[in-house]
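# Fold and geometry: a report
Residue-level listing of the chains:
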Amino acid sequence: MTNIFEYAPAPESRAIVDIKPSYGLFINGEFVDGNGTSFKTVNPATEEVLAEVAEATDADVDEAVKAARRAYTRVWSRMSGAERAKYLYRIARIIQERGRELAVLESIDNGKPIKESRDVDVPIVAAHFFYYAGWADKLKYSGYGETPLGVAGQVIPWNFPLLMLAWKIAPALACGNTVVLKPAETTPLTALLFAEICQQADLPPGVVNIVTGAGDTGRAIVSHPDVDKVAFTGSTEVGKAIARAVAGSDKKVTLELGGKAANIVFDDAPLDQAVEGIVNGIFFNQGHVCCAGSRLLVQESVADEVMDRLKRRMATLRVGDPLDKNTDVGAINSAEQLAKIRELSQVGEDEGAERWSAPCDLPANGYWFAPTVFTGVSQAHRIAREEIFGPVLSVLTFRTPSEAVEKANNTPFGLSAGVWTDKGSRILSMANRLRAGVVWANTFNKFDPTSPFGGYKESGYGREGGRHGLEAYLKGADA
Amino acid sequence: MSRIDVRKTYKLYIGGAFPRSESGRSYVVNDAKGKLLANAAQASRKDARDAVVAARAAFGGWSGRTAYNRAQVVYRIAEVLEGRREQFEAEIRASEGVSAAKAKTAVDAAVDRLVWYAGWADKITQVVGNANPVAGPYFNLSTPEPSGVIAVVAPRDPLLGLVSVVAPLIITGNTVVVIASEDHPLTAITLGEVMATSDLPGGVVNVLTGSQAEIAPWLASHMDVNGIDLTGVEDAELATELEVAAADNLKRVRRPSPGATDDWLAEPGLDRMTQFLETKTVWHPIGV
Amino acid sequence: MTPTASPTASDTSALGVFDDVVRSESSLRRFLHGLPGVDQVGCEARAAGLATRSIKTTSKAFAIDLAIRMVDLTTLEGQDTPGKVRALASKAIRPDPADPTCPATAAVCVYPDMVATAKQTLGDSGVNVAAVATAFPSGRAAMDIKLADTRDAVEAGADEIDMVIDRGAFLSGRYLQVFEEIAQVKEACGDAHLKVIFETGELQTYDNVRRASWLAMMAGGHFIKTSTGKVQPAATLPVTLIMLEAVRDFREQTGQMVGVKPAGGIKTTKDAIKYLVMVNEICGGDWLDPDWFRFGASTLLNDLLMQRTKMTTGRYSGPDYFTLD
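Chains are numbered independently. Their residues run from 1 in the order of the written sequence. To label them, take the chains in the order written and letter them from A, then take the ligands in the order written and number them from 1. In view of the model being predicted, local features appear only for residues whose pLDDT reaches at least 70, and side-chain atom pairs are presented and counted only at 80 or more, with totals across whole chains, interfaces and linings using the full set of residues.

In the annotation of an unreviewed UniProt entry, the entry for chain C reads Deoxyribose-phosphate aldolase, and the organism field reads Nocardioides flavus. UniProt positions are given in the numbering used here, feature names are shortened, and annotations may be inferred rather than shown by experiment. The Sequence similarities (unreviewed entry) comment attached to chain C in UniProt states, word for word, "Belongs to the DeoC/FbaB aldolase family. DeoC type 2 subfamily." The heading Catalytic activity (unreviewed entry) in the UniProt record of chain C holds the text "2-deoxy-D-ribose 5-phosphate = D-glyceraldehyde 3-phosphate + acetaldehyde".

### Observations concerning the overall build of chain C
Counting its secondary structure elements, chain C contains 14 helices and eight strands. Throughout, the radius of gyration refers to the C-alpha atoms, and the reference size of a globule is 2.2 Å times the residue count to the power 0.38. By the compact-globule yardstick of 20 Å for 325 residues, chain C fits well, its C-alpha radius of gyration being 19 Å. Dimensions of chain C along its principal axes, counting C-alpha atoms only, are 60 × 45 × 35 Å. Each residue is classed by its C-beta neighbour count within 10 Å, where at least 20 other C-beta atoms makes it buried, 12 or fewer makes it exposed, and intermediate counts make it partly exposed; the C-beta atoms are placed from backbone geometry. Among the 325 residues that make up chain C, the fraction classed as buried is 56%. Placing C-beta atoms from the backbone, we regard two residues as in contact once those atoms come within 7 Å. A separation threshold of at least 6 residues defines the contact pool for chain C, and within that pool the share at least 24 residues apart is 75%. Only DSSP runs of H or I with at least four residues qualify as helices, and only runs of E with at least two residues qualify as strands; both kinds are numbered from the N terminus onward.

### Side note on the overall build of chain A
Per the secondary structure count, chain A includes 14 helices and 18 strands. The C-alpha atoms of chain A give a radius of gyration of 22 Å, which matches the 23 Å a tight globule of 479 residues would have. Projected onto the principal axes, the alpha-carbon positions of chain A cover approximately 65 × 50 × 40 Å. For chain A, buried positions account for 62% of its 479 residues.

### Remarks on the pairing of strand β11 (residues 262–265) of chain A
Residue and element names in this part refer to chain A. Burial along β11 is two-sided: the residues Ala 262 and Ile 264 and Asn 263 and Val 265 are all buried. Strands are labelled as partners when DSSP assigns at least two bridges between them. With four bridges connecting them, β11 and strand β12 (residues 295–299) associate as parallel partners. Bridging across to β12, Asn 263 finds its partner in Leu 296. For a crossover, the right-handed case is the one in which the path from the first strand over the helix to the second runs clockwise, viewed with the strands pointing away from the viewer. Viewed along the sheet, the connection from β11 through helix α9 (residues 271–283) into β12 turns out right-handed. Two strands pair when backbone bridges link them, and β11 and strand β16 (residues 416–420) are joined in this way by four bridges, in the parallel orientation. Considered in β16, the bridge of Ile 264 is made with Val 419.

### Description of the sheet that holds β16 of chain A
Reading across from one edge, β13(A)-β14(A)-β15(A)-β12(A)-β11(A)-β16(A)-β17(A)-β10(B)-β4(B)-β3(B) is the order of the 10 strands in this open sheet, with mixed pairing throughout. Edge strands, defined here as strands with exactly one partner in the open sheet, are β13 (354–357) of chain A together with β3 (130–131) of chain B.

### A few points about the sheet that holds strand β7 (residues 205–208) of chain B
All names here are of chain B. Within the open sheet, the five strands sit side by side as β7-β6-β5-β8-β9. Their pairing is parallel. Only two strands of the sheet have a single neighbouring strand rather than two, namely β7 and β9 (252–254). Neighbour to neighbour, the strand axes of the sheet diverge by 15 degrees on average, direction disregarded. Relative to β7, strand β6 (residues 175–179) is paired through four bridges, and the arrangement is parallel. The residue bridging Val 176 from the neighbouring strand is Val 205, located in β7. Between N-to-C directions, angles span 0 to 180 degrees; the directions come from axes that are lines fitted to C-alpha atoms, helices contributing only their stretch in contact.

### A few points about the interface of chain A and chain C
For an interface, size is often stated in terms of accessible area lost upon the parts coming together. Contacts between the two partners involve 23 residues from chain A, matched on the other side by 26 residues from chain C. When residues in the side of chain A that touches chain C are grouped by element, the largest group, five residues, is from α9 of chain A. Looking at the side of chain A that touches chain C residue by residue, the classes come out as nine nonpolar, eight polar and six charged. We call Asp, Glu, Lys and Arg charged. Ala, Val, Leu, Ile, Met, Phe, Trp, Tyr, Cys and Pro are nonpolar, and the rest, Gly among them, are polar.

### A word on the interface of chain A and chain B
The interface of chain A with chain B comprises 36 residues on the first partner and 30 residues on the second. Those elements giving two or more residues to the side of chain A that touches chain B turn out to be α8 (236–245), α14 (424–433), β17 (438–441) and β18 (460–461) of chain A. Its residues placed into classes, the side of chain A that touches chain B shows 15 nonpolar, 12 polar and nine charged. Bridging between β17 of chain A and strand β10 (residues 277–285) of chain B involves three bridges; their strand directions are parallel. Residue pairing in the sheet places Val 438 of chain A in a bridge with Thr 281 of chain B of β10 of chain B.

### Examining the packing of helix α2 (residues 67–83) of chain B against helix α4 (residues 100–120) of chain B
Residues and elements named next belong to chain B. Where α2 contacts α4, the two axes come as close as 8 Å, and the packing angle between them is 170 degrees. The angle between α2 and α4 falls in the class roughly antiparallel. Mapping the contact onto sequence places Ala 71, Val 74, Tyr 75, Ile 77, Ala 78, Leu 81 and Glu 82 in α2 and Ala 110, Val 111, Leu 114, Val 115, Tyr 117, Ala 118 and Gly 119 in α4. Considering only residue class, the contact of α2 with α4 consists of 12 nonpolar, one polar and one charged. Each angle is binned into one of four classes, with values under 35 degrees roughly parallel, values over 145 roughly antiparallel, values of 65 to 115 roughly perpendicular, and all other values oblique.

### Quick notes on the domain arrangement of chain A
Residues and elements named next belong to chain A. Boundaries of every domain are those given by an automatic assignment or by a domain database. Assigned domains within chain A: domain 1 (22–257 + 457–473) and domain 2 (262–441). One C-alpha centre belongs to domain 1, the other to domain 2, and the line joining them spans 30 Å. With 21 residues of domain 1 at the contact, the number on the domain 2 side is 26 residues. Counted by class, the side of domain 1 that touches domain 2 contains seven nonpolar, seven polar and seven charged residues.

### A few points about helix α7 (residues 186–196) of chain B
All names here are of chain B. Among the 11 residues in α7, nine count as buried, and that is most of the element. Among the residues of α7, Leu 186, Thr 187, Ala 188, Ile 189, Thr 190, Leu 191, Gly 192, Val 194 and Met 195 are the ones counted as buried. Where α7 is buried, its residues meet β1 (26–30), β2 (36–41), α2, α3 (85–96), α6 (160–171) and β7.

### Observations concerning the nonpolar core
Ranked by size, the top nonpolar core spans 256 residues in total, and within it Leu 88 of chain A together with Val 74, Leu 114, Val 166 and Val 177 of chain B carry the most contacts. Counting the residues that make up this core, at least three belong to each of domain 1 (22–257 + 457–473) and domain 2 (262–441) of chain A. In plain words, the nonpolar core is the set of buried Ala, Val, Leu, Ile, Met, Phe, Trp, Tyr and Cys residues that C-beta atoms within 7 Å link up.

### Focus on the environment of Asp 235 of chain B
Topologically, Asp 235 of chain B is positioned in the loop between β8 (227–229) and α9 (236–246). Separated by 42 residues in sequence, Asp 235 of chain B and Leu 277 of chain B have C-alpha atoms that sit 26 Å apart.

### Observations regarding the pairing of strand β6 (residues 151–155) of chain A
Residue and element names in this part refer to chain A. Most of β6 is tucked away, with five of its five residues classed as buried. Where burial is concerned, the two faces of β6 agree: the one with Val 151, Gly 153 and Val 155 and the one with Ala 152 and Gln 154 are both buried. Here β6 pairs with strand β7 (residues 178–182) via five bridges, running parallel. In the strand pairing of β7, Gly 153 is matched with Val 180. Handedness of the β6-helix α5 (residues 161–174)-β7 crossover: right-handed. Bridge count between β6 and strand β9 (residues 229–233): four bridges; the pairing is parallel. Directly across from Gln 154, in β9, lies its bridge partner Ala 231.

### Looking at the packing of helix α8 (residues 212–221) of chain B against α9 of chain B
All names here are of chain B. At a minimum axis distance of 7 Å, the contact between α8 and α9 shows a crossing angle of 25 degrees. Accordingly, the angle class assigned to the pair α8 and α9 is roughly parallel. At the point where α8 passes α9, the crossing takes the right-handed sense. In contact with Ala 213, Ala 216, Pro 217, Ala 220 and Ser 221 of α8, α9 contributes Leu 238, Glu 241, Leu 242, Ala 245 and Ala 246. Taken together, the residues of the contact of α8 with α9 sort by class into eight nonpolar, one polar and one charged. Rotating anticlockwise by less than a right angle from the far helix to the near helix defines a left-handed crossing, while the corresponding clockwise rotation defines a right-handed one.

### Digging into helix α14 (residues 300–313) of chain C
Residue and element names in this part refer to chain C. Taking 1.5 Å per residue as the helical rise, α14 with its 14 residues ought to reach 20 Å, and the 20 Å between its terminal C-alpha atoms agrees with that figure. Of all 14 residues making up α14, 10 are buried, and the element is well covered by its neighbours. Residues of α14 that are buried include every one of Leu 300, Leu 301, Asn 302, Asp 303, Leu 304, Leu 305, Met 306, Gln 307, Arg 308 and Thr 309, and no others. Summarising the contacts, the buried residues of α14 are in contact with α4 (57–69), β1 (71–74), α13 (269–282) and β8 (295–297). Within two residues after α14, Gly 314 carries a phi angle of roughly 80 degrees, on the positive side. Expected helix span is given by 1.5 Å per residue-to-residue step, counting one fewer step than there are residues.

### What about the environment of Thr 41 of chain A?
All names here are of chain A. Note that Thr 41 resides in strand β4 (residues 38–43). According to the C-beta neighbour criterion, Thr 41 is buried, with 27 such atoms within 10 Å. Leave out the neighbours within four places in its chain, and Thr 41 touches Leu 50, Ala 51, Val 53, Asp 109, Thr 186, Pro 188 and Leu 189.

### Some remarks on unusual backbone geometry
Residues Phe 136 of chain C and Pro 137 of chain C are joined by a peptide bond in cis, for which omega reads 0 degrees. In this structure, Pro 137 of chain C sits in the loop between β3 (128–132) and α7 (143–155). That bond from Gln 232 of chain C to Pro 233 of chain C is cis: its omega, -5 degrees, falls within 30 degrees of zero. Its identity as a non-glycine residue notwithstanding, Asn 28 of chain A has a phi of 55 degrees, on the positive side. Judged by C-beta crowding, with 18 C-beta atoms within 10 Å, Asn 28 of chain A ranks as partly exposed.

Here you go:
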C-alpha cells in the first residue's frame with residue numbers, strides 16, 4: 001500500500017504569451033500613450049511586476065468618447081446588422097484561435113487556475129461573441145426594438161476580466177453601439193490583448209476603445225456627458241455612486257453588483273453532488289465571484305454529515321501555481337483583497353464562529369488564502385451578511401423550508417441562490433420564493449451566453465446574457 | 001326647502017382602510033375656478049411609512065396569487081368603476097373644469113385601460129420570459145417577477161393618469177404607494193373606494209394625498225421600497241434629488257419624461273410593466 | 001497481493017451490522033431507497049473534472065506499474081481454448097518478456113471450464129485465477145445451477161469468483177432475492193473471493209448503481225464490479241465514481257473495505273490513469289492496491305506495456321514489440 005500517488009507539477013507554458021514592458025491606451029483603433037502617469041500590474045501568484053500600464057486622464061477618456069462617437073455616427077450605426085455580425089463572428093473566431101494565449105495571460109494577471117481560464121472563461125467569452133453576433137441582424141425580433149443608444153461607457157471588475165469584457169462589449173456592438181471600456185486596474189492585460197484582436201479583425205477604429213486606469217478613470221467615463229449608456233460590474237458601493245452620478249440625466253444604466261448567495265441543502269439532497277456544488281459555489285475562482293454561494297444553509301438533520309463530507313472534499317483541493325493544470329484554487333487577486341479577506345475572517349473568529357481551513361501548503365510569495373469554512377455562524381454575524389469575495393464559506397443551519405427561505409432572503413442582496421433537493425415540487429417552490437436573479441437548483445455557478453444574469457435589490461439592475469441582455473443596449477420597442 | 005348635502009370627508013387609503021393623516025393635517029382643494037371643493041388629508045412622512053409597511057405586508061400574498069386571479073381583481077375594479085362613472089365624471093369636471101364630454105372620455109379610457117391591463121396578467125410572462133437553450137444538459141427558464149413595493153408619484157391627470165400608472169404595477173404583482181396629484185387628489189381617494197370594494201386586498205394600493213415635495217423624498221430614500229416611478233414629478237430638480245435618494249438601496253427608477261406630457265389616451269406599451277419586473281432565471285440539470 | 005490474506009476483507013453479513021436492514025423485503029427497500037440520490041449531470045461533471053488531472057514523470061511510472069498489477073487479464077469468448085488460456089496465463093505472469101522488472105498482473109479471468117487449465121500454467125506464480133460463474137453473463141439460470149457453477153469453479157482451483165446479479169430481480173424491486181443470491185454464492189465460494197458484477201449498462205441509472213453497490217456490500221461481496229464486458233456501456237468513469245463513493249461510505253460506516261473493479265472498455269493507459277486518479281481522490285491511497293482495485297481488461301495490458309517502454313526508453317514503442325495473447 002502506498003500514498004506516493006502524487007501529482008508532479010504540470011505547468012502550462014508561459015512562452016505562449018508575449019507581455020510587453022508597457023502598454024498605452026487603445027483609442028480610435030490605435031495604442032496611444034495618453035496624458036497621465038502609469039501604474040503597475042502584478043502577477044498575484046508571485047508579486048512579480050508584469051507591465052506598466054497607462055492611467056487614462058479625463059482628457060484621455062474624452063478622446064476615447066469622441067472616437068467612439070465618431071465611429072458610432074459615421075460607421076457603426078449606419079452599418080447593416082449583418083455586417084456588424086460578421087465583425088463579431090471574426091472576433092469570436094480569433095478568440096478561439098488565440099484561446100490558449102488568452103487563458104495563460106488571464107491566469108498570470110488574475111491568479112485564477114489555468115483549468116478555469118482555459119475551460120470556463122475563454123470558451124464562454126468566445127461563445128458570448130458568437131451568440132450576440134447572431135443577434136446583430138435579428139434585433140427586430142428581440143422585443144426591444146432595433147435602435148441603439150449610442151456610446152456605451154463600460155467599467156468591469158478584476159474577477160473575470162475577459163469574460164466581463166465579453167458580457168459588456170458583445171451585446172453593445174451587436175446592437176449598434178460603440179464602447180469605451182475600462183478594465184480593472186489589477187487585471188488590464190487581457191483587455192489590451194483583446195484590443196489587439198480588434199485590430200486583427202479590422203474592426204473600424206473607435207468602435208471599441210479600451211482605457212486603463214483606476215477609480216478616477218471610471219468616474220470620468222460614467223459622468224462623461226456624451227456617454228449614453230453606463231454598464232458597470234463591481235461593488236454595490238460603487239454601483240450606488242454611479243446611480244447617483246447619472247441621476248437627472250438621460251443615461252441608461254445597468255449594474256451587476258455584489259451578492260451573498262444562500263446555497264440551500266435539504267436532507268434529501270443528492271449529497272455527493274451537493275458537496276461538489278458547495279465547493280464549486282465558494283471556491284471556484286477563489287471565491288472572487290459576485291454570485292458565489294458564500295452562505296451554506298444546511299438542514300440540521302444532515303448538517304454533520306454534510307460538514308464531514310465537505311471538509312474531506314476540501315482537503316483534496318490543490319491550492320497553488322495558477323498555471324499548473326492540476327491547481328484547483330489559485331492566488332487571491334491582490335494584496336488589498338487578501339487583506340480584506342483576512343480582516344473579515346478575523347471578524348468571524350472574533351464573533352465566535354468556528355474556523356476550519358483545508359490543510360495545504362501555501363507558496364511563500366504571492367497572495368494566498370486557504371479554502372476556509374466557518375461553522376456556527378448566525379444571521380447576525382458579519383461574515384453572514386457582508387460579501388467577503390474570497391474562498392470563505394459561512395455555514396448556517398435551518399429546520400424547515402420556510403426558515404430556509406426566510407434566511408436566504410434576509411439580505412439586501414439578491415443575485416443568486418442554490419437549492420439542493422431530490423424533490424421536484426420543492427425545487428419549484430423554493431425557486432419561486434427565493435428573491436434572486438439566478439436560482440441554481442441541484443447545480444451552481446453555471447453560465448451560458450443564452451442565459452440572462454443579474455440581480456434583485458442591491459445586487460443591481462438589468463440583465464446580461466440572453467435575449468434579455470439586449471434590452472440594456474436598445475431604446476426599446478416603444479421608442 | 002332643499003336638503004342639506006352630506007359631504008364626504010376625503011381621507012387617505014392605507015392598508016385597505018381610510019385613515020386620516022396621523023399628523024391631523026389637511027389642505028384645501030379648490031375646483032378649477034378656485035372655489036373650495038373639499039379639504040384633503042395632508043399626509044406626513046409617518047403616513048408614508050405606514051403605507052410602505054402595508055404595501056410590504058401585502059406583497060407576498062398579492063404576488064403569490066395566480067395571474068388569473070389578479071386579472072379577475074383588476075377587471076373587477078374596471079366593473080366597479082364603470083358602475084360609479086357618474087361620480088367620477090362629476091369629480092373630474094369639478095376638479096379640472098373640463099366639459100362633460102371630456103370627462104366622459106376620460107372615464108371611458110380609464111375603465112378600458114383597467115380592462116387592457118387586466119388581460120396582461122397571464123400574458124406578460126409569456127411575452128417577456130423565455131426558455132434559454134444553454135449549451136449543456138440543463139433546463140433553463142427566465143421568467144419575470146414583480147420588483148416588490150413601488151412608490152409612484154402620480155401625474156396631474158386625476159383618473160386616467162392615475163389608473164395608467166397604478167394598473168401596470170399591480171397587475172404584475174407589485175404593491176404600490178402612490179402620491180396622488182397634489183392639485184387633483186380627490187379622485188384618487190374615490191378610486192381607493194372603488195378598489196376597496198373590488199376584492200383588491202388591503203395594502204396592494206395605498207393612496208397618499210398632500211405635498212409631493214414633502215412626501216416623495218421619504219419614499220425615495222425608504223430602504224424597504226424597491227422602485228420609484230417619478231412620472232408625476234414636474235420639477236426637474238426634485239426629480240434628480242429623488243433619483244439620487246433612490247440610489248441608497250438601488251431602487252429601480254422610472255424617470256419623468258422631460259418636456260413631454262404623456263398622452264394618456266394613447267395605447268400604452270409594455271414598459272410601465274417591464275420597468276418594475278425582475279427577471280429570474282432558474283437552472284436545473286437534465287438527467288435520469 | 002492475494003486478497004485472501006487481507007485481515008480487513010469484508011464480511012459484514014457475519015457482523016450483523018445490517019441485520020435490521022435485510023430482515024424483510026420492505027426494510028431493505030426502505031434502506032436502499034433512502035440512500036442519497038445521485039444527480040446524473042453533477043456526477044458526470046465531477047468525473048470529467050477528475051479526468052483533467054495531469055499526471056507526469058515519476059507518478060506516471062508508478063501509476064503504470066500499479067495498473068499492470070491491477071489487471072485481471074481476461075478472455076471470455078465462446079472460442080476460448082486451452083491453448084488460448086495457457087498463452088494468456090503466461091502473459092499474465094510475464095507481461096513483458098523483454099523486461100524482467102515488469103510486474104505480473106493480478107489475475108487471469110476465464111470461464112469456469114478453463115480454470116483448471118489456467119491454474120496449471122499459473123501454478124504458484126502469485127497470479128490468481130478468477131472465474132466468471134452464476135450463468136455469466138446473463139445470470140438467467142436456476143439458483144442451484146448458479147451455485148453448482150460456482151462450486152465447480154472453486155473446486156477447479158479458482159481463487160476469485162466473478163458472479164453476476166439477477167438484473168431482472170433487481171429491476172423489478174426484488175432486492176431481497178438479489179441479496180440472498182449473493183449471500184448464497186458467497187457461501188459456495190468458500191475461501192475464494194467474491195466479486196459481484198452489476199452490469200451497470202442494464203441498471204441504467206446511477207441511483208440503481210448506488211443501491212446495487214450497497215446491496216452487494218451488505219451481502220458480503222469482497223469486490224463490486226461494473227460489467228461483464230458483454231453489454232454496452234460497460235465501465236465508465238462516472239459509474240466507477242458512484243461505486244467508489246459507495247465503498248468509501250461503507251468503510252466510514254462499518255470499518256470494512258470493499259474493492260472496486262471496472263471492467264470492459266478500458267483500453268488505454270490514459271484511461272487507466274484517469275481511474276487511478278479517481279480512486280486516489282475519492283477513496284484515498286488505501287485503495288491504490290490490487291487487493292482493492294482491479295481493471296477487468298484484455299487489450300489494456302499491451303497499451304500499458306507500450307507506455308511503460310516509452311517511460312524507460314524515451315521513445316514511442318509499437319504493437320509489434322508486444323505479444324498478442
